[in-house]
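In case you want the letters, here they are:
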Amino acid sequence: MEKNLTSGSVFQNIVYFSLPYLLSYFLQTLYGMADLFIVSQFYGVEHITAVSIGSQVMHMLTVIIVGLAMGSTVTIGKAVGARALNQASNAVGNTVTLFLGVSLAFTAVMLALTSRLVVIMSTPKEAVSETITYLTICFIGIPFITAYNIISSIFRGMGDSRSPMYFIAIACGINIGLDYLLIGGFHLGAAGAALGTTLSQTISVIAALLVIFRKKTGLTLRKENFKPQSGTMGQILKIGIPVALQDGFIQIAFLVITVIANRRGLQDAAAVGIVEKVIGVLFLVPSSMLSSVSALSAQNLGAGKQERAALTLRYAVMIAAGFGLIASILIQFSAEPVVGIFTENEEVIVLGGQYLRGYIWDCMFAGVHFCFSGYFCALGMSGISFLHNVLSIVCVRIPGAYFASEYFADTLFPMGLAAPGGSLLSVVICVVAYKIVRERGKLEKYGGK
């Protein structure tokens, strides 16, 4: 199951690793899209808005967990690259211990704050009840969502991106079936969507655990590996906390923008929610590049092959930027039909098309800084990623969306441009930081450690 990614063609390794990752992201994104699509077939705008807002909150939690888990992926990857399998076993065991506590804490806190979150989100009054129900059910399932993402981070750190793809494929298929049964058959609305998501994640975790116990992972786990070790946990948290914070701030920015849209009315809220789902699909390539760069670069740095790590970054940037450019051009001619997949409401379709045409350019710019973020994480310098994301949010994304909403009341297009504007600032910061790191010889200092 363990795969060494420190030899052979760099480009082929990126493709080999990123394609299963890409499909995994697609299937995971399909969760929320399936909920939204199926709800829209049986219910009105208030249910669509409830699922849209609720899934955004859950997505925020998920990316925070995934961000923390990046510390595990990089730590395990470096140990595997250095062939230090005992260190890798310690990293796996400490990851399990750490995230067991994290998941229980998140569950308790989010259940206590459910009603307050719905108010903070400025949820339209027509959708408040359904949103609370959706979130309550999903929050109960946080331990299983955490378990899936942690298991996936462990496999990817070992160079295996295929097993997580199989796990999420199982969950996605079950989720779609349960959605039709619970939403269409039992008429449970947003509650049915939440139940389908939670139950399917639970089954996915069970399947993953069965695979772990029946297949050879290349590692031997003992009781002592699960005991908290300051050095191992410190390394995981040193990398993971800045990534989790940056991802959390990004999602908070999305939620703030959602609040701005919600205050414009139910139609605007539904339009923004639908576009966020569409963007989630188109961001699969940038996201897969981020994770691929971090995992591949970590193994190469662990093996002392700094130039291969840098070459991985260059290839990933080319792939992500090229895809983003093509997607942005195509969406200019197809925005309304894409939004129309999720609703028949003409006003929502028009508003969604406007928002999507502006927002889509973020796919290109974000793709570039995602790759740099993955590379900085592999170096153990995830603080750089945190810095550029916070600056882009505070200086451009949120103020840009706010002022666009205030001064362009009849269109969502300017609001959509706030996201690519923020990402462009991030790209500039990343390029400057990369050059400084190279010039100061940081690669030699951090490589293999």
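Given the structure is predicted, the values throughout are model-derived calculations rather than measurements.

Student: Would you explain the overall build of the chain in this entry?
Tutor: Each helix and strand in the chain was counted, giving 18 helices and zero strands. Radius of gyration (C-alpha) of the chain: 21 Å, near the 22 Å computed for a compact globule of 449 residues. Expressed along its principal axes, the backbone C-alpha trace of the chain runs to roughly 55 × 45 × 35 Å. A buried classification covers 59% of the 449 residues belonging to the chain. Of all intrachain contacts in the chain linking residues separated by at least 6 positions in sequence, the fraction that spans at least 24 positions is 84%. When the accessible surface of the chain is split by element, carbon and sulfur atoms take 68% of a total near 17,300 Å². For the chain, the distance from the average position of its 28 positive side-chain charges to the average position of its 21 negative side-chain charges is 19 Å.

Student: Just to check I follow, could you spell out the side chain of Asn90 for this structure?
Tutor: Inspection of the secondary structure puts Asn90 in helix α3 (residues 85-112). For Asn90, a relative accessible area of 12% puts it in the buried group. A distance of 3.4 Å separates polar atoms of two side chains, one belonging to Asn90 and the other to Gln229. Every residue in contact with Asn90, bar those within four places of it in the chain, is listed here: Asn225, Gln229 and Thr232.

Student: What is the right way to read the packing of aromatic side chains from this model?
Tutor: Enumeration over the complete set of coordinates arrives at ten aromatic pairs. Summarising the aromatic geometry, the rings of Phe11 and Tyr315 are spaced 5.6 Å apart at their centres and angled 70° between planes, so their arrangement reads as edge-to-face. Taken as a pair, Phe11 in helix α1 (residues 10-42) and Tyr315 in helix α12 (residues 306-331) lie far apart in primary sequence, 304 residues in all. Given the relative accessible area of 28%, Tyr315 is considered partly exposed.

Student: For this particular structure, what's the right way to read a nonpolar patch on the surface?
Tutor: Taken together, the side chains of Leu181, Phe186, Leu188, Leu195 and Leu199 present a nonpolar region at the surface, about 430 Å² in accessible area. For Leu181, the position within the fold is in helix α7 (residues 162-185).

Student: In this structure, what is going on with the environment of Asn300? I would like to understand it.
Tutor: Mapping Asn300 onto the fold places it in helix α11 (residues 284-302). Separated by 219 residues in sequence, Asn300 and Gly81 have C-alpha atoms that sit 6.2 Å apart.

Student: How should the nonpolar core be read in this particular structure?
Tutor: Nonpolar side chains in soluble globular proteins generally cluster together in the buried interior. Within the largest apolar cluster, 102 residues are counted, with the highest numbers of intra-cluster contacts made by Met58, Phe139, Tyr355, Leu356, Phe372, Tyr375 and Phe376. Ranked by residue count, the leading element in this core is helix α15 (residues 362-379), at eleven residues. In this view, Tyr355 contacts Ile257, Val272, Val275, Glu276, Leu412, Phe413, Met415 and Gly416; residues no more than four positions away in its chain are not counted. Core analysis: the second largest hydrophobic core is formed by 24 residues, Ile64, Leu68, Ala79 and Val259 among them.

Student: Explain unusual backbone geometry here, please?
Tutor: The general pattern is negative phi for most residues beyond glycine and trans for most peptide bonds. Phi angles above zero are rare outside glycine, and Arg83 is one such case at about 60°. Inspection of the secondary structure puts Arg83 in the loop between α2 (45-81) and α3. Given a relative accessible area of 47%, Arg83 falls into the partly exposed group. For His187, which is not glycine, the phi torsion reads 55° and is therefore positive.

Student: Before we go on, may I ask you to explain the pattern of salt bridges in this structure?
Tutor: Opposite charge on two side chains permits them to pair, given that their charged atoms come into close proximity. Inspection of every chain in the model, using the stated rule, returns two salt bridges. As a salt-bridge pair, Arg357 and Glu336 come within 2.7 Å of each other at their nearest N and O atoms. Separated by 21 residues along the polypeptide, Arg357 in helix α14 (residues 346-359) and Glu336 in helix α13 (residues 335-339) bring together distant segments of the chain.

Student: Sorry if this is basic, but what is going on with the side chain of Ser40 here?
Tutor: By secondary structure assignment, the location of Ser40 is in helix α1. Polar contacts involving the side chain of Ser40 include one to the main-chain carbonyl oxygen of Phe342, which spans 3.3 Å. When residues no more than four places from it in sequence are discounted, the contact partners of Ser40 are Ile48 and Phe342.

Student: Just to check I follow, could you spell out α7 for this structure?
Tutor: Because each turn of an α-helix spans 3.6 residues, side chains separated by three or four positions in sequence point in the same direction. Helix length check: α7 (24 residues) gives 34 Å between terminal C-alpha atoms against 34 Å at 1.5 Å per residue, within 8%. Just downstream of α7 lies His187, where phi reads positive at about 55°.

Here is what the cut-offs are and how they apply
- Residues numbered from 1 in each chain as written.
- Predicted model: local features only at pLDDT ≥ 70, side-chain atom pairs only at ≥ 80, totals over all residues.
- Heavy atoms only, no water.
- Helix = DSSP H or I, 4+ residues; strand = E, 2+ residues; numbered from the N terminus.
- Rg over C-alpha atoms; globule rule 2.2 N^0.38 Å.
- Buried < 20%, exposed > 50% of the residue type's maximum accessible area, 1.4 Å probe, protein only.
- Contact = heavy atoms within 4.5 Å.
- Areas by Shrake-Rupley, 256 points an atom, 1.4 Å probe, with all protein chains shown as cover.
- Lys, Arg positive; Asp, Glu negative; His and termini not counted.
- Charge placed at Lys NZ, Arg CZ, Asp CG, Glu CD.
- Polar contact = N/O pair within 3.5 Å; in protein donor to acceptor, adjacent residues only side chain to side chain.
- Phe/Tyr/Trp six-rings, centres within 6.5 Å; stacked < 30°, edge-to-face > 60°.
- Patch = residues over 30% accessible without salt bridge, like charges linked within 9 Å, V, L, I, M, F, W, Y side chains within 5 Å.
- Salt bridge = Lys/Arg side-chain N within 4 Å of Asp/Glu carboxyl O.
- Core = buried A, V, L, I, M, F, W, Y, C linked by side-chain atoms within 4.5 Å.
- Expected span 1.5 Å × (residues − 1).

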